[in-house]
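Coordinate analysis (summary)
Listed here are the chains, written in short residue letters.
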Amino acid sequence: MSTGWTFLTNHAHVLLVIARDPEARLRDVADVVGVTERAAQAIVADLETAGYLTRERIGRRNRYTVNPAGRFRHPAEAEHRVGELLALFTPDTRPRPGGRD
């Protein structure tokens, strides 16, 4: 991975990793994003508090559900929903032909 800046924030990266694998362990999320496990945990807490995802405890694991209806926080993108970003980067969330979900 190259160093320097990227277009997406760590919050966006964490959200995308979780959208791709709702049962991902925070350790794995952190590895994919390139942050510490503690940072991933803090980001997940931010996303959960803001309503972008919910967490359900299943045995010893967590299962996350992403809220695609959440709007972007920055005023320049506030008219867009997170689901639009998910559709770009996660094949499972793209609209299906014929409009059926």
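Coordinates for the structure precede this section.
Nothing here was measured: the structure is a model prediction, and the numbers come from that model. (Residues numbered from 1 in each chain as written. Predicted model: local features only at pLDDT ≥ 70, side-chain atom pairs only at ≥ 80, totals over all residues. Heavy atoms only, no water.)

By the bridge criterion, six bridges tie strand β1 (residues 53-58) to strand β2 (residues 61-66) in an arrangement that is antiparallel. In the sheet register, R57 faces β2, and the bridge partner there is N62. Between β1 and β2, which pair antiparallel and follow one another directly, the connecting turn spans two residues, one of which, G59, has a positive phi of 65°. (Pairing = 2+ DSSP bridges. Helix = DSSP H or I, 4+ residues; strand = E, 2+ residues; numbered from the N terminus.)

The next thing to look at is the packing of helix α1 (residues 10-20) against helix α2 (residues 26-33). For the pair α1 and α2, the least separation of the axes is 10 Å and the interaxial angle reads 125°. Put simply, α1 runs oblique to α2. Once α1 is placed against α2, the crossing between them reads as right-handed. For the pair α1 and α2, contact is made by N10, H13, V14, V17 and I18 and by V29, V32 and V33, respectively. Of the residues contributing to the contact of α1 with α2, the split by class is six nonpolar, two polar and no charged. (Axes fitted to C-alpha atoms, helices over the stretch in contact; angles between N-to-C directions. Parallel < 35°, antiparallel > 145°, perpendicular 65-115°, else oblique. Left-handed = near helix turned anticlockwise from the far one by under 90°. Contact = heavy atoms within 4.5 Å. Nonpolar A, V, L, I, M, F, W, Y, C, P; charged D, E, K, R; others polar.)

By themselves, these are just geometric observations and shouldn't be taken as functional.
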